[in-house]
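# Geometric and topological summary
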Amino acid sequence: MKIAFAMLAFFTLFFISCKKESNKKHCWQVLDNLGNSLNVVCDKTEAELVDCIKNNTCGIYNNPAPTNCNYYKIEGNKFCWKINNYYFKDLTENQAALYSRCYYNNAPATKADCSFACTDWYHRHKKTYKPNNTVTYSFVIRERFCGDTAATLYQGRQIIIKDDADSLVVIQFSNNGINW
């Protein structure tokens, strides 16, 4: 009888605590389908958040079927993380879990040392045809550089790849993708 009563008390407390957690309100970061941050919505349960995304009452999202890849709780300390051999700086645990789950096929997200000093840089190839001085540019690529490589980059840096009698090819670096 005591065992049955103890089990009943345990399950009652367990279900009450689960119900309390699902009714708890948080602040949420809402993302579009590409993972770009849209806005922060506060004082909502997860169910309320999903409803307001669906019916556009907390912003215009045009997302009638949001998934758990379209939002995460904004809470907790920020750390550096390694996910699928990529390094990320200043992510909360919830954000790192979302990145792992939604963009890196559930690769483990592990806290990393922040000394890797990674920085996002934009780069493009500038090709100059010397006989008539015409210039063409490649597509702009955004890439994360870490460690020694990141330490050698700066705004306006150009690295010569080819310089011969008729052409000059350089890689140009920009920290914002606009100013070269």
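All values derive from a computational prediction rather than experimental measurement. (Residues numbered from 1 in each chain as written. Predicted model: local features only at pLDDT ≥ 70, side-chain atom pairs only at ≥ 80, totals over all residues. Heavy atoms only, no water.)

### What to know about the nonpolar core
By size, the foremost hydrophobic cluster in this structure holds 11 residues: Leu31, Tyr72, Trp81, Ile83, Phe88, Leu91, Ala96, Leu98, Tyr99, Tyr104 and Ala107. Those elements that provide at least two residues to this core are strand 4 (79-83), strand 5 (86-91) and helix 3 (93-103). Judged by nonpolar contacts, the second largest core, of 10 residues, contains Val41, Cys58, Tyr61 and Tyr71. (Core = buried A, V, L, I, M, F, W, Y, C linked by side-chain atoms within 4.5 Å. Buried < 20%, exposed > 50% of the residue type's maximum accessible area, 1.4 Å probe, protein only. Helix = DSSP H or I, 4+ residues; strand = E, 2+ residues; numbered from the N terminus.)

### Thoughts on the side chain of Asn70
Along the polypeptide, Asn70 turns up in the loop between helix 2 (46-54) and strand 3 (71-73). Owing to a relative accessible area of 3%, Asn70 belongs among the buried residues under this scheme. At 3.0 Å, the side chain of Asn70 and the side chain of Asn33 are in polar contact. Excluding residues that lie within four positions of it along the chain, Asn70 makes contacts with Gln29, Val30, Leu31, Asp32, Asn33 and Asn63. (Polar contact = N/O pair within 3.5 Å; in protein donor to acceptor, adjacent residues only side chain to side chain. Contact = heavy atoms within 4.5 Å.)

### Quick look at the sheet that holds strand 5
Spatially, the three strands line up as an open sheet ordered 5-4-6, and their pairing is antiparallel. The open sheet has two edge strands with one neighbour each: strand 5 and strand 6 (109-112). Shown here is a sheet whose adjacent strand axes are inclined to one another by a mean of 35°, direction ignored. Relative to strand 6, strand 4 runs antiparallel, the two being bridged by four bridges. Looking at the pairing, Trp81 lines up with Lys111 of strand 6. Lying on the sheet, helix 3 is in contact with strand 4, strand 5 and strand 6; it crosses strand 5 at an angle near 150°. (Pairing = 2+ DSSP bridges. Axes fitted to C-alpha atoms, helices over the stretch in contact; angles between N-to-C directions.)

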